[in-house]
2 protein chains.
Amino acid sequence: MESQDLRSAGLKVTGPRLKMLELLENTQGRHLTAEAIYRQLLDAGEEIGLATVYRVLTQFEAAGLVTRHHFEGGHAVFELERGPHHDHIVCVHCGRVEEFYDESIEKRQRAIAEKLGFNLRDHTLTLYGECNKPGCKGEKNAR
Amino acid sequence: MESQDLRSAGLKVTGPRLKMLELLENTQGRHLTAEAIYRQLLDAGEEIGLATVYRVLTQFEAAGLVTRHHFEGGHAVFELERGPHHDHIVCVHCGRVEEFYDESIEKRQRAIAEKLGFNLRDHTLTLYGECNKPGCKGEKNAR
DNA sequence: TTGCGCATGATAATCATTCTCATATATGAT
DNA sequence: ATCATATATGAGAATGATTATCATGCGCAA
Ligand SMILES: [Zn+2]
Ligand SMILES: [Zn+2]
Ligand SMILES: [Zn+2]
Ligand SMILES: [Zn+2]
């Protein structure tokens, strides 16, 4: 039950929070923008304010429930924190996001931070490229 | 001469552009925010508008003269594109930025992109941590 | 030197995100 | 179940970085 996730995160169980958790769990193509979450909830007939979406996302982030990413393009995307850490590769044409995890890269990062005298706390690794999915705007026949 | 850099980039040689190139070349702690560039030029007695700073930075970026980074904190930082590619590690307390290059990480990225069916175009790798420099706000005795 | 098109600066406009504040509600105690 | 109180919510204003507008200025090829 999502209620428990909220309680154990120290958050009151409220309608908006439950709806947002549900949506984050049931959404394909994780990595949603705040605006997208807002619109989808409105379309689903829910009553919610955009300010609440931002507020709750920030709370979820602080509680470790979601992660905020800053892919290029100015707007942040959020994803439910499920399972282990991973990094991302984003299609510069269609915006499709794939995830990956590479232990050797993670290991090198720790070594680099130590060598430079930093206590590593976090990192961002995002690859950008052109994907090969049919329908991607960047296909060679396009334009 | 910076004039040549501008011409070979297909840009007219103008005062603001020359001043900005100079500043980018002569600035310690590369990785300047647009606002910082603007202020430093004003302080140096130059007459320039903030809009021009943003415009020129965008042109420099398009011409490959500078790189734009989005470290966390909302504002972009720019650095002169000199020499080979590198990635960054940023102190979460004092904002100090160090650069590094790791061939094995670069190599793994290419392999990952290929495996996932992406034509790799670019990437962002930024480590965040606490630095060990004296005077850093995050020193253990602080607070 | 001239003319034209790009460049510039001041300012308004955007865009995403955050803040304000009056109202509504969850939750622990009664 | 009822209350009391701290917290949550929604609408809209406010913010901060960046971009667009537009009248004027200037680089540069002819
Ligand atoms: Zn694609
Ligand atoms: Zn992800
Ligand atoms: Zn750098
Ligand atoms: Zn530091």
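About the cut-offs
Residues numbered from 1 in each chain as written. Chains lettered and ligands numbered in written order. Predicted model: local features only at pLDDT ≥ 70, side-chain atom pairs only at ≥ 80, totals over all residues. Heavy atoms only, no water. Pairing = 2+ DSSP bridges. Helix = DSSP H or I, 4+ residues; strand = E, 2+ residues; numbered from the N terminus. Contact = heavy atoms within 4.5 Å. Axes fitted to C-alpha atoms, helices over the stretch in contact; angles between N-to-C directions. Buried < 20%, exposed > 50% of the residue type's maximum accessible area, 1.4 Å probe, protein only. Domains from an automatic or database assignment. Polar contact = N/O pair within 3.5 Å; in protein donor to acceptor, adjacent residues only side chain to side chain. Near = heavy atom within 4 Å. Nonpolar A, V, L, I, M, F, W, Y, C, P; charged D, E, K, R; others polar.

Details of the sheet that holds strand β2 (residues 66–69) of chain B
Residues and elements named next belong to chain B.
1) Next: Within the open sheet, the three strands sit side by side as β1-β3-β2. Their pairing is antiparallel. In this open sheet, the two edge strands, each paired with only one partner strand, are β1 (32–33) and β2.
2) Next: As defined by bridge partners, β2 adjoins strand β3 (residues 77–80) across four bridges and the pair is classed as antiparallel. Across the sheet, Thr67 pairs through a bridge with Glu79, a residue of β3.
3) Next: In this fold helix α2 (residues 15–26) packs onto β1, β2 and β3, with an angle of close to 85 degrees to the strand it touches most, β3.

Concerning the pairing of strand β4 (residues 87–91) of chain A
All names here are of chain A.
1) Next: Among the five residues of β4, five are classified as buried, and the element is accordingly described as predominantly covered.
2) Next: Here β4 shows no split at all, with Asp87, Ile89 and Cys91 on one side and His88 and Val90 on the other all buried.
3) Next: Strand direction decides the pairing type here: β4 and strand β5 (residues 97–100), joined by four bridges, are antiparallel. If you follow Asp87 over to β5, its bridge partner there is Phe100.
4) Next: Linking β4 to β5, which pair antiparallel, is a turn of five residues; within it Gly95 sits at a positive phi near 80 degrees.

Focus: the domain arrangement of chain A
All names here are of chain A.
1) Next: For chain A, the assigned domains are domain 1 (1–83) and domain 2 (84–143).
2) Next: Once you take the C-alpha centre of each, domain 1 and domain 2 turn out to be 22 Å apart.
3) Next: The interface is formed by eight residues belonging to domain 1 together with ten residues belonging to domain 2.
4) Next: On inspection of domain 1 and its partner domain 2, the count reaches four residue pairs in polar contact (both at pLDDT 80 or more).

Some words on the protein's contact with DNA strand C
1) Next: The environment of DNA strand C is formed by 20 residues, the closest being Tyr54 of chain A together with Thr14, Arg17, Thr52 and Arg55 of chain B.
2) Next: Sugar and phosphate atoms constitute 69% of the interface atoms of DNA strand C, taking the interface as everything within 4 Å of the protein.
3) Next: Within the contact set of DNA strand C, a phosphate oxygen lies 2.4 Å away from a side-chain nitrogen or oxygen of Tyr54 of chain A.
4) Next: Interatomic distance of 3.3 Å between a backbone N/O atom of Gly49 of chain B and a phosphate oxygen of DNA strand C.
5) Next: Partitioning the surface near DNA strand C into residue classes produces nine nonpolar, five polar and six charged.

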